[in-house]
Amino acid sequence: MPPPHEQRRRMLALPAVCPCEAISPAPLLASLVDLAADVAGRVDVAGLPALRRGAREAVRLAGVLLAFLEALRDATSEDEFLLPEEAVLGLSELHVALQKLRFLLADCARKGARLWVLMNAELVASELRVLLGSVATAMDVLPGDVIAVSAEAAELARMLSEQAWRAAVRPDEDDDLAARSVRSVLARFRKGVTPDAEDAMLALDRVGVATWSGCTEEAAFLEAELLDRLEAGGESDNDLVLISGLMAFLLYCRVVLFDRIDPKKAEAAAPAPRPARSAPWISPEALQCPITLELMTDPVTLATGQTYDRASIKKWIKSGCRTCPVTGERLRSAEVVPNVAVRGIVEQLVATSKGGSLHEPSSKHRCAVDKTASPFGAAAAGSVRLAVAFLVAKLSRGTPEEQSKATHEAQKLSKRNVFYRARLVEAGAVPWLLHLLSSADASVQDNAVAGLLNLSKHPAGRRALVEAGGLGLIVDAVNVAAKVEARQNAAAVLFYLSSNPEYCDEISRIPEAIPTLVHLVREGAYRGRKNALVSLYGLLQCANSHGKAVSAGAVGVLAGLLSAATAGGGDRGDDLANDAVALLARVAEHPAGARAVVSSSALVTRLVDFLGEAASRSAKEHCVSLLASLGRHGGDKVLALLGKLPGLMPALYAVIGDGSPQAGKAARWLVNEIHRHYEQRPPPAVTPVAAAGDRVIRV
């Protein structure tokens with residue numbers, strides 16, 4: 001079992017371990033020397049975002065304490081003096097205070113927390129005053145003979161106690177000015193008024209945020225802090241509103257104030273979770289949620305046998321979709337079951353990755369934030385509206401460089417939550433993203449497709465895309481987009497659009513739509529094939545799509561996926577084979593599709609083998625449904641062929657015993673029909689044997 005993962009310490013939470021009562025003074029003193037040296041040399045005070053004078057004073061006093069402790073250690077090491085047991089109390093108090101001081105200074109210098117420290121400068125100053133007071137109190141309770149161990153030690157102890165009590169720790173004037181600037185900007189956001197750029201830049205300059213990636217890093221920290229507080233509960237609404245407002249402030253600054261993305265740091269600023277590589281038998285893609293394509297931190301399994309991250313599948317179901325996203329099968333129940341096996345593998349992978357940690361804020365709270373129709377507070381809402389309006393203006397009228405950055409920002413924003421998607425659609429981003437699909441810049445095209453994919457997850461986004469005449473453009477992107485990722489994402493857009501029967505019918509009327517998806521299944525990479533398969537499954541809801549799929553060669557392509565799984569395609573091959581069977585089952589629901597499947601006896605034989613060897617329950621049930629459709633539309637010819645395949649009956653009886661009621665019903669029907677066929681077949685004619693010597697004339 002992997003070791004438990006250390007949870008992320010909340011900002012300004014200052015835990016400390018008190019030394020045990022039975023500890024001897026000598027080891028306690030040695031530990032104190034190391035701790036004081038760490039505090040005195042830990043922080044670059046000049047680089048702190050706030051409280052530089054107060055932090056400088058705290059570090060200086062830690063240096064004085066270190067000198068006192070070293071003098072005490074030198075005296076005891078030369079056998080001139082033995083520390084009395086009465087010194088343990090004061091030394092223990094010093095140890096606790098230094099632990100907390102180390103955490104506090106580390107928080108002030110924490111990467112990504114600069115704006116948060118600035119806005120909480122008063123609280124930080126208060127904590128610092130309390131800790132310096134604790135140091136002074138601990139010095140005062142040390143026994144007199146310990147203080148007077150040497151003249152140097154006595155002078156250092158007196159100076160430390162007096163200066164720690166008198167230390168004036170308060171926010172710097174520049175801290176107050178920068179914090180007031182941020183509050184002024186947030187007040188304008190609440191009124192829906194564009195803020196002064198100078199106010200925003202004043203605050204950013206004070207905390208040392210001077211790049212696009214710096215804003216992204218700060219926003220990522222605040223989001224983690226927000227989710228941690230939601231998970232812990234009992235937080236003041238004012239704190240949540242402030243955090244949300246600061247996130248929106250940084251988002252606005254990133255979008256409006258910085259005219260370029262620093263490419264070398266953009267990826268590092270907000271790294272997407274990726275599965276670590278460990279054992280060669282583990283497929284990293286198998287640990288990604290099929291909806292978000294991100295590492296599943298809370299994997300759950302539907303009744304169809306498919307596994308998703310809890311937050312994403314709950315959001316899918318809440319949006320009104322009642323089908324399995326991968327197989328397209330209608331969900332009989334919205335209940336999910338935790339997939340303990342997959343979570344264990346994910347934990348093992350993360351534990352073996354360098355510095356990895358699976359601890360994430362609760363997916364329940366992340367989902368609650370992602371799906372909310374409005375952020376915490378009017379300032380956050382106003383900021384997003386202003387930033388989105390700026391983005392749409394750049395998409396429509398900007399220079400090529402501005403359009404490139406705007407598409408990147410639109411893609412990042414639309415990935416966040418429902419509120420951001422709704423505001424982008426409301427501001428008219430969809431038509432301009434469709435327009436930029438024809439851009440000669442592959443990155444612009446890629447970001448435009450990714451943005452449209454994210455917006456297609458919102459009902460208003462799907463409606464806007466169709467009303468803007470974007471269906472044909474999306475189909476073209478599947479076929480001719482410059483990047484493989486763009487073609488794959490375009491296929492996924494069609495999947496989301498196919499959830500609406502009206503849109504599904506419109507897509508199927510585009511002559512190139514189904515042949516393009518079939519071609520992607522044949523020639524694409526794994527993710528492209530996966531997206532194309534589920535999109536085809538959705539499009540086959542329309543009756544007129546079956547004939548087009550057959551004409552486009554879908555049956556032969558799907559048969560190829562089954563053969564590839566037989567030839568050792570690995571986990572990915574098995575996954576695609578499961579999807580291929582599900583799609584064949586839908587194709588065979590119509591007579592033309594069933595005839596196309598039956599025309600290849602090798603394919604029918606392979607389906608029977610697949611039924612016996614498939615590990616997925618849903619794959620077995622799709623296979624039974626497919627074989628039943630073949631028997632229904634193919635009649636006695638197909639039933640005769642199936643009856644000759646020795647592996648079929650045991651597999652059907654297994655489904656009858658262990659499968660779902662619907663699959664068991666289909667399996668029983670097929671077993672009965674095969675028996676009926678052979679029972680009703682007339683017995684073979686028996687030719688009478690002529691007696692010896694009789695002459696027989698054969699006609």
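Visitor: I'm lost on the overall build of the protein chain in this one. Help?
Guide: The secondary structure content of the protein chain amounts to 34 helices and 3 strands. For the protein chain, the exposed surface amounts to about 32000 Å²; the carbon and sulfur share of it is 53%.

Visitor: What is the right way to look at the sheet that holds strand β1 (residues 299-301) in this model?
Guide: Within a sheet, each strand pairs with its neighbour through backbone hydrogen bonds, oriented either parallel or antiparallel. Across the sheet, 3 strands lie side by side as β2-β1-β3; this open sheet has antiparallel pairing. In the strand order of this sheet, the two ends are held by β2 (307-309) and β3 (337-338), each with one partner. The pairing of β1 with β2 spans 3 bridges and is classified as antiparallel. When the sheet's bridge partners are listed, V300 is paired in β2 with Y308. Here helix α13 (residues 310-318) sits on the sheet and contacts β1, β2 and β3; the angle it forms with β2, its principal contact strand, is near 95°.

Visitor: What is the right way to look at helix α3 (residues 87-108) in this model?
Guide: Every α-helix winds through 3.6 residues per turn, so residues three or four apart in the chain are directed the same way. Helix length check: α3, at 22 residues, gives a terminal C-alpha distance of 32 Å against a target of 32 Å (1.5 Å per residue), a fit within 8%. Within α3, 16 of the 22 residues are buried, which leaves the element mostly enclosed by the surrounding structure.

Visitor: Explain helix α18 (residues 418-426) to me, please; I cannot follow it from the model alone.
Guide: Most of α18 is tucked away, with 7 of its 9 residues classed as buried. With a side-chain oxygen lying 3.1 Å from the backbone nitrogen of F419, the N-terminal cap of α18 falls on N417. Two residues or fewer after α18 comes G428, characterised by a positive phi angle close to 85°.

Visitor: What should I look at first to understand the packing of aromatic side chains in this one?
Guide: One pass over the full model with this rule turns up 5 aromatic pairs. Note on F189 and Y252: the rings are 5.2 Å apart at their centroids and 65° apart in plane angle, and the pair reads as edge-to-face. With a gap of 63 residues between them, F189 in helix α8 (residues 173-191) and Y252 in helix α11 (residues 237-257) connect regions that are remote in the sequence. Residue classification places F189 among the buried residues on the basis of a relative accessible area of 1%. On the accessibility criterion, Y252 (7% relative accessible area) is buried. Aromatic pair W316 and F495: ring centres 5.7 Å apart, planes at 0°, arrangement stacked.

Visitor: Would you take a moment to explain the pattern of salt bridges for this structure?
Guide: Side-chain pairing between opposite charges can occur once the charged atoms of the two side chains come close. Within the structure shown, the criterion is met by 24 salt bridges. Two residues, D107 and R110, come together in a salt bridge whose shortest N-O distance is 2.9 Å. We classify R110 as buried; its relative accessible area is 18%. For E162, the salt bridge goes to R166, with nearest N and O atoms at 3.9 Å. One end of the pair is E162 and the other is R166, both in helix α7 (residues 151-166) and 4 residues apart, which spans about a single turn. Three or more residues are tied together by salt bridges with common partners; here these are R53, D172, D174, D175 and R206.

Visitor: Would you mind going over the environment of C623 with me for this structure?
Guide: As for its position among the elements, C623 is in helix α32 (residues 617-643). Remark: the alpha-carbon pair of C623 and L583, spanning 40 residues in sequence, is separated by 9.9 Å. Aside from chain neighbours lying at most four places away, what touches C623 is V581, L607, F610 and L611.

Visitor: Just checking my understanding: could you explain the side chain of N531 for this structure?
Guide: Mapped onto the secondary structure, N531 falls in helix α26 (residues 526-539). Setting aside chain neighbours within four positions, we find N531 in contact with Q488, N489, A491 and A492.

Visitor: Which parts of the structure should I look at to understand the environment of Y496?
Guide: By the secondary structure assignment, Y496 is in helix α23 (residues 484-497). Distance in space between the C-alpha atoms of Y496 and L453 is 8.2 Å, their sequence separation being 43 residues. Ignoring any residue separated from it by four or fewer positions in sequence, one finds Y496 in contact with I291, W316, L453, S456, K457 and R462.

Visitor: What's the story with the packing of helix α17 (residues 400-414) against α18 in this structure? I'm lost.
Guide: The description of two packed helices rests on the angle between their axes and on the distance between the axes. Following both chains from N to C, one finds α17 and α18 inclined at 135°, their axes separated by 8 Å at the closest point. In terms of orientation, α17 lies oblique with respect to α18. Across the interface between the two elements, A410, L413 and S414 from α17 touch Y420, R421 and L424 from α18. When its residues are assigned to classes, the contact of α17 with α18 shows 4 nonpolar, 1 polar and 1 charged.

Visitor: What exactly am I supposed to notice about the environment of V478 here?
Guide: Its place among the elements puts V478 in helix α22 (residues 471-480). The spacing of V478 and N489 is 11 residues in sequence and 7.9 Å in space, taken between C-alpha atoms. Residue contacts for V478: discarding those within four places in its chain leaves R487, A490, A491, L494, T516, L517 and L520.

Visitor: I would appreciate a short explanation of the side chain of S414 in the present structure.
Guide: Turning to its location among the elements, S414 is positioned in helix α17. When its relative accessible area of 0% is taken as the criterion, S414 is described as buried. In terms of polar contacts, S414 uses its side chain to reach the side chain of N454, at 3.1 Å. Sequence-distant contacts of S414, that is, excluding residues within four places in its chain, are made with R421, L424, G451, N454 and L455.

Visitor: Please explain the packing of α32 against helix α34 (residues 661-680) as it appears in this structure.
Guide: One way to put it is that α32 packs onto α34 with a least axis distance of 9 Å and a crossing angle of 10°. Classed by the angle they form, the pair α32 and α34 counts as roughly parallel. Residues E621, V624, L627, A628, G631, R632, D636, L639, A640, L642 and G643 of α32 lie in contact with α34, whose contacting residues are A663, A666, A667, W669, L670, E673, I674, R676, H677 and Y678. Across the contact of α32 with α34, the residue classes tally to 13 nonpolar, 3 polar and 5 charged.

Visitor: I tried to follow the nonpolar core on my own but got confused; where do I start?
Guide: A general feature of soluble globular proteins is that nonpolar side chains tend to end up buried together. Within the largest apolar cluster, 232 residues are counted, with the highest numbers of intra-cluster contacts made by F68, F249, L607, L627, L630 and L642. Among the elements that take part in this core, helix α2 (residues 52-77) stands out by supplying 13 residues, more than any other. Leaving out residues up to four positions away in the same chain, L607 has contacts with L562, V581, L584, V597, C623, L626, L627 and L630.

Visitor: Looking at this structure, I do not really get the confidence of the model for the protein chain. What am I missing?
Guide: Where the model shows low pLDDT, its predicted coordinates should not be examined in detail. Of the residues in the protein chain, 86% reach a pLDDT of 70 or more, and the chain-wide mean stands at 84. Between the elements of the protein chain, mean pLDDT differs from a low of 49, seen in helix α12 (residues 263-269), to a high of 96, seen in helix α19 (residues 429-435). Scored below 50 in pLDDT, residues 693-699 shows 1 contact in the model against residues more than four places distant or in partner chains.

Cut-offs and rules
- Residues numbered from 1 in each chain as written.
- Predicted model: local features only at pLDDT ≥ 70, side-chain atom pairs only at ≥ 80, totals over all residues.
- Heavy atoms only, no water.
- Helix = DSSP H or I, 4+ residues; strand = E, 2+ residues; numbered from the N terminus.
- Areas by Shrake-Rupley, 256 points an atom, 1.4 Å probe, with all protein chains shown as cover.
- Pairing = 2+ DSSP bridges.
- Contact = heavy atoms within 4.5 Å.
- Axes fitted to C-alpha atoms, helices over the stretch in contact; angles between N-to-C directions.
- Expected span 1.5 Å × (residues − 1).
- Buried < 20%, exposed > 50% of the residue type's maximum accessible area, 1.4 Å probe, protein only.
- Polar contact = N/O pair within 3.5 Å; in protein donor to acceptor, adjacent residues only side chain to side chain.
- Phe/Tyr/Trp six-rings, centres within 6.5 Å; stacked < 30°, edge-to-face > 60°.
- Salt bridge = Lys/Arg side-chain N within 4 Å of Asp/Glu carboxyl O.
- Parallel < 35°, antiparallel > 145°, perpendicular 65-115°, else oblique.
- Nonpolar A, V, L, I, M, F, W, Y, C, P; charged D, E, K, R; others polar.
- Core = buried A, V, L, I, M, F, W, Y, C linked by side-chain atoms within 4.5 Å.
- pLDDT = per-residue confidence, 0-100.

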